[in-house]
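# Overview (structure and organization)
So the chains spell out like this:
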Amino acid sequence: MASSDVARPLRFQTDTGMRAPSHPPVDNQDAKRQSCRSLPLAGHVGFDSLPDQLVNKSIHQGFCFNILCIGETGIGKSTLMDSLFNTNFDDCMSTHFQPNVRLKAETYELQESNVRLKLTVVNTVGFGDQINKDDSYQPIVDYIDAQFEAYLQEELKIKRALYNYHDTRIHVCLYFISPTGHSLKTLDLLTMKILDSKVNIIPIIAKADTVSKSELQRFKSKIMSELVSNGVQIYQFPTDDETVAKVNATMNGYLPFAVVGSVEEIKIGNKTVKARQYPWGIVQVENEHHCDFVKLREMLICTNMEDLREQTHMSHYELYRRCKLEQMGFRDTGPENKPVSLQETYEAKRHEFLGELQQKEEEMRQMFVQRVKEKEALLKEAERELQVKFEHLKRLHQEERIRVEEKRKLLEDEIMAFNKRKAASDILQGRPLPATPTVGLKKDKDRKNSGFM
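About the criteria used
Residues numbered from 1 in each chain as written. Predicted model: local features only at pLDDT ≥ 70, side-chain atom pairs only at ≥ 80, totals over all residues. Heavy atoms only, no water. Pairing = 2+ DSSP bridges. Helix = DSSP H or I, 4+ residues; strand = E, 2+ residues; numbered from the N terminus. Salt bridge = Lys/Arg side-chain N within 4 Å of Asp/Glu carboxyl O. Buried < 20%, exposed > 50% of the residue type's maximum accessible area, 1.4 Å probe, protein only. pLDDT = per-residue confidence, 0-100. Contact = heavy atoms within 4.5 Å.

Further remarks concern the pairing of strand β8 (residues 271–278). With 4 bridges connecting them, strand β7 (residues 265–268) and β8 associate as antiparallel partners. Counterpart to K267 in the pairing with β8 is T272. Between the antiparallel neighbours β7 and β8 lie 2 residues, among them G269 with a positive phi of about 70°. Examined bridge by bridge, β8 and strand β9 (residues 281–284) share 4 bridges and lie antiparallel to one another. Bridge assignment links Q277 to a residue of β9, and that residue is I282. Here β8 folds back onto β9 in antiparallel fashion, the turn holding 2 residues.

A few words now on the pattern of salt bridges. Throughout the structure, instances matching the rule amount to 19 salt bridges. A salt bridge links E154 to K157, with the nearest nitrogen and oxygen atoms 3.0 Å apart. Classification of K157 by relative accessible area gives partly exposed; the value is 45%. For D167, the salt bridge identified is with R169, shortest N-O distance 2.8 Å.

This prediction gives the protein chain a mean pLDDT of 84; 86% of its residues lie at or above 70. This model gives residues 1–26 a pLDDT under 50, and the stretch forms 50 contacts once residues within four places in sequence are excluded.

Right, let's talk about the sheet that holds strand β1 (residues 63–70) for a bit. If you walk across this open sheet you meet the 6 strands as β2-β3-β1-β4-β5-β6, and the pairing is mixed. Whereas interior strands pair on both sides, the edge strands pair on one side only; in this sheet they are β2 (102–112) and β6 (257–258). The sheet contact formed by β1 and strand β4 (residues 172–177) spans 4 bridges and is parallel. Across the sheet, the residue bridging to I67 is V172, located in β4.

Next comes the structure, spelled out in structure tokens:
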């Protein structure tokens with residue numbers, strides 16, 4: 001465990017794609033490897049203590065392990081975590097009335113003997129509680145990708161601090177399956193199918209004490225057949241290490257593990273054990289005849305914890321990193337299948353970006369000119385319409401003015417004709433012509449004055 005953990009920062013430098021331009025071809029590497037000679041030592045040198053140095057450094061640095069628990073509310077995720085690490089994480093209970101799925105991460109500092117472990121438990125709150133479960137897995141995918149992206153950004157920094165970096169990438173996903181005894185739910189199959197390329201999945205049957213042993217065996221077989229038929233790749237305990245190959249191969253046949261969790265201690269005989277007490281009897285958590293809890297703890301923590309960490313870095317993170325860098329345009333080899341340096345890739349991407357930028361600028365300039373022309377055409381059309389309207393109104397005004405002038409002349413002619421007819425009538429009646437308006441006004445004024453007197 002310690003050797004791989006310390007050696008991991010050395011792998012980071014080769015995984016970032018920062019290769020020298022003069023990297024020799026593969027054939028030359030094989031030739032150099034074959035030309036390497038083995039020499040005997042005449043005496044003790046001291047590099048046989050290197051594993052001890054790595055162990056001491058790893059113990060001083062400490063370890064981290066991140067667990068993602070996926071399952072419905074109330075299926076026993078928190079209780080199983082308390083049982084696995086023999087502590088109480090004080091996780092608050094969740095309700096079934098969550099509008100959507102959210103992930104809650106809690107980090108704890110644990111120490112056993114002189115080994116320190118920074119444990120992060122990520123719980124899926126509200127998973128499977130909604131009526132519409134189409135996108136229940138999406139927050140989980142986004143969270144896993146976000147941790148990969150954070151690590152990649154730290155790895156690509158000029159001044160990196162990977163030694164002190166808190167790695168939050170998910171190392172294992174414990175997928176809790178409801179003990180229905182029939183088959184997997186569609187949501188379970190869909191979620192595991194999407195996550196199998198992003199995280200190490202270990203399926204477990206929760207609350208296995210609610211199913212009989214015969215039903216449990218059939219349920220296990222049914223689950224594994226459904227996973228295989230749907231192409232879901234779950235985590236298989238490695239068998240390449242001879243020291244653990246036999247036990248891992250045996251434990252692969254017990255998947256999915258049927259577990260029971262409990263923090264309640266019950267005294268049985270002369271010893272106190274963790275168990276669940278029912279009216280019909282007692283289910284011991286650490287009794288392998290009652291459940292697979294001990295098998296899960298041995299495989300997860302005691303035997304394969306470092307392999308889970310290594311698989312996360314070497315497989316799942318590398319897949320994300322490769323896809324991300326390929327999307328950014330980085331390649332290991334050029335068109336002629338020759339190694340390409342980071343500088344060459346950067347320059348090529350820079351020229352490509354500048355070309356795209358110039359093309360965008362030209363397109364925007366042409367679009368601007370086109371819009372200006374369209375706006376000018378619209379303004380000219382509006383001006384022409386206004387001019388036509390103005391001419392029309394001006395013509396109407398002239399016509400109206402002419403009509404008013406004609407009516408005025410006609411009215412003056414009628415007044416003159418009326419005055420002539422009136423004067424002729426007055427002459428015929430023998431009456432004198434009326435006085436001028438000034439004389440009449442003077443007589444009226446004198447008459448009014450005499451009245452007041």
